[in-house]
There are 2 protein chains.
Amino acid sequence: MQDIRIELTQNPTHLPEDESTLGFGKRFSDHMFVMDYTVEKGWFDPRIVPYAPISLYPSTMCFHYGQTTFEGLKAYRTEKNEILLFRPQQNFKRLNISDDRLCIPKLDEEFCLEALKKLIQIDEKFVPHSKGTSLYIRPFIIATEPQLGANSSTQYKFIIITSPSGVYYSSGLNPVKIYVEDNYVRAVRGGMGMAKTGGNYAVSLKSQVNAHNNDYSQVLWLDGVERKYIEEVGAMNIFFVIGDEVVTPEINGSILDGITRKSMVELLKKEGKKVSERRISIQEVEDAYENGELKEVFGTGTAAVISPVGVLKYKDKVMTINDNKIGEISKHLYDTLTGIQRGEIEDKFGWTVKVY
Amino acid sequence: MQDIRIELTQNPTHLPEDESTLGFGKRFSDHMFVMDYTVEKGWFDPRIVPYAPISLYPSTMCFHYGQTTFEGLKAYRTEKNEILLFRPQQNFKRLNISDDRLCIPKLDEEFCLEALKKLIQIDEKFVPHSKGTSLYIRPFIIATEPQLGANSSTQYKFIIITSPSGVYYSSGLNPVKIYVEDNYVRAVRGGMGMAKTGGNYAVSLKSQVNAHNNDYSQVLWLDGVERKYIEEVGAMNIFFVIGDEVVTPEINGSILDGITRKSMVELLKKEGKKVSERRISIQEVEDAYENGELKEVFGTGTAAVISPVGVLKYKDKVMTINDNKIGEISKHLYDTLTGIQRGEIEDKFGWTVKVY
Ligand SMILES: Cc1ncc(COP(=O)(O)O)c(C=O)c1O
Ligand SMILES: Cc1ncc(COP(=O)(O)O)c(C=O)c1O
């Protein structure tokens, strides 16, 4: 394994006394991990250096051709003052999957995890202490060759930055209102919907702005071919409790293979619940609603873990779910997963990874 | 109109004596145009400054969420030593269309054109002299807010860089081999295929690399829904001459509304040729080929103007077009359009714009 060069900051900063002012993704720790790639050298010069601007020529390819990928995960401080990561191997594995789709060279997943641990050790004081807070971790790759041909870049930068964060959704576990998009499309089979890459978020913005303007907080996407089947929410996978079955759309190539989603499915299976990863149409959801079978709807993602859906709007139909209150299963899953993540519930799955 | 602040370089450079060494998009003129945006100020501080790296925090949104747009056009030096732009208003108009799709604030198109003229005047010596060369112009916008929420940015940078360029395709007017993609998809209706934004190029890379590995130079995309109808090539629109009809796919929301395409259609109409913008399936192309009706195929785009297609491969079928030679119509259109662009043929359309 390569040695990681370390250069510590001359201007250390500190977390605010009042951690509730942290917000999300606005404030960064003192250091970052950086590694470069060229065709000749492969990935080289891994280093932990002070968090600082990077300098790029305007011709740098990532500004033009969208060859970028990223990941998002969190570190949590436990009651015993340990620092835990949640399934970080899955994130680096997924990063390599995204990279493969985007023609970005493969990373050594084990080395990435070691680098991340080292980075968090150095910036340990930035993992906040209060309940509900965490250190949000953003590994990302950008194409850095300075030239304008629309090809795959021959140079890249891999960077990990970390951000001490409060709660992502200020509304917390309050149910959100979600708008089913029937005009715009996020991704289609054969496209890059399964990758965590900038274009998938760029394409979503317009619809998201429309939703916000109509007082909905996020968008639920339908498939791009038939415009019938449910895909996922802006930055979450989605689950429906219909009768005694918990349903989430299957991994089909156009949605992100969410790590929270995967964990929820495993949790539910372990508990003997009936859980299905399968195709589900918006019509089926409407029908279940009409029949009184639609018990709960919730989104899953690293940011909020679980976001109960209180209102779902499709065309002219507004469906209010579980009286706009968090459901039993949602609450149970939230408590269990956050309990494991924070080291309060025994981790029988081997999901958590200690930073020290 | 806002005043443009000008700061000239202290380290002027020059074009190489031998302009044939220029290549494409690798070497840049001494200056660039830059303008910033914040919600409070709108677009502000327009300036022409030395070409230099820009400094951005790693959290800058364009590295993560793909909120970027761009344009591509050219300036040509005429025999009389004038400098001409080709339909630049169309490029700034299209930039605003892309920006609208990507939730990027609108630009003043007239002001952009004035800024571009000013920039070229200052860097006049970088417009090369030899036949076939040009100054490639790249206006682009990147989201610059330094925060990790996946929303629309509140800050942007608009930059114009220029690059003295040789011929884009080293093969020149030699016919290219094109591979019809039947596995990957570039864009789908409801998506952002009509915008010039990084994600559309990122999604294409993998397929393009496959094509290259099989000795094909570019990919022809089919529609994302039925996988039947022809869309466009990587960075070109496509035309088919079938019998006496010239056909190009209609503007349908998922392909770029190419300015070269538009100009070719107008040229053909003016000349009384039968030209159709309509849906055309790959099956129709195959049938025309079998019947001996497929006379010519060519791509159109700013970079190459016209790229004749000599070989078209769809699944197992390899179609050789016009004996792998440039066709009459392709040649005529190429000569006419490049003639107008370089001021050698009278511009009856009012397409060219003088820089002085
Ligand atoms: C598009 C999309 N879907 C789903 C998710 C949820 O994935 P995970 O549970 O791995 O955070 C995310 C966020 O990470 C996302 O961006
Ligand atoms: C995807 C795509 N299609 C078509 C074109 C051709 O457009 P134009 O003729 O305006 O250069 C381009 C290049 O600019 C392009 O990138």
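Here, the structure is the one placed above.
Residues numbered from 1 in each chain as written. Chains lettered and ligands numbered in written order. Predicted model: local features only at pLDDT ≥ 70, side-chain atom pairs only at ≥ 80, totals over all residues. Heavy atoms only, no water.

(A) Inspection of the site of ligand 1 at higher detail. All names here are of chain A. Taken together, 16 residues surround ligand 1, and among them Y201, E232, I259, T260 and T302 come closest. Between ligand 1 and the protein, one listed contact pairs an oxygen atom with a side-chain N or O atom of T260 at 2.6 Å. Expressed as a share of its isolated accessible area of 380 Å², the protein-covered part of ligand 1 is 96%. At the level of elements, α5 (259–270) and β16 (294–301) are the ones that each hand at least two residues to the shell around ligand 1. Residues of the shell around ligand 1, tallied by class, amount to five nonpolar, seven polar and four charged. (Near = heavy atom within 4 Å. Polar contact = N/O pair within 3.5 Å; in protein donor to acceptor, adjacent residues only side chain to side chain. Areas by Shrake-Rupley, 256 points an atom, 1.4 Å probe, with all protein chains shown as cover. Helix = DSSP H or I, 4+ residues; strand = E, 2+ residues; numbered from the N terminus. Nonpolar A, V, L, I, M, F, W, Y, C, P; charged D, E, K, R; others polar.)

(B) Geometry of the site of ligand 2. Residues and elements named next belong to chain B. Near ligand 2, the surroundings consist of 16 residues, among which Y201, E232, I259, T260 and T302 are the closest. Between ligand 2 and Y201 there is a distance of 2.5 Å, counted from an oxygen atom to a side-chain nitrogen or oxygen. Within the side chain of E232, an N or O atom sits 2.6 Å from a nitrogen atom of ligand 2. Isolated, ligand 2 exposes 380 Å² of accessible area, and the fraction of that covered by the protein chains is 96%. Secondary structure elements with two or more residues in the shell around ligand 2: α5 (259–270) and β16 (294–301). Here the residues of the shell around ligand 2 are counted per class, giving five nonpolar, seven polar and four charged.

(C) The arrangement of the relation of the copies chain A and chain B in detail. Overlay of chain A on chain B (RMSD 0.0 Å): rotation 180 degrees, translation along the axis 0.0 Å. Within this description, the copies of the chain are treated as partners about a two-fold rotation axis. Comparing interface residues between copies, 100% of those in chain A also lie at the interface in chain B; the contact surface is shared. (Least-squares fit on C-alpha atoms with pLDDT ≥ 70 in both. Contact = heavy atoms within 4.5 Å.)

(D) Layout of the packing of helix α1 (residues 88–101) of chain B against helix α2 (residues 109–122) of chain B. Residue and element names in this part refer to chain B. Following both chains from N to C, one finds α1 and α2 inclined at 130 degrees, their axes separated by 9 Å at the closest point. Between α1 and α2, the crossing angle belongs to the class labelled oblique. Crossing handedness for the pair α1 and α2: right-handed. Side by side, α1 and α2 meet where P88, Q89, F92, K93 and N96 of the first sit next to E109, C112, L113 and L116 of the second. The residue makeup of the contact of α1 with α2, split by class, is five nonpolar, two polar and two charged. (Axes fitted to C-alpha atoms, helices over the stretch in contact; angles between N-to-C directions. Parallel < 35°, antiparallel > 145°, perpendicular 65-115°, else oblique. Left-handed = near helix turned anticlockwise from the far one by under 90°.)

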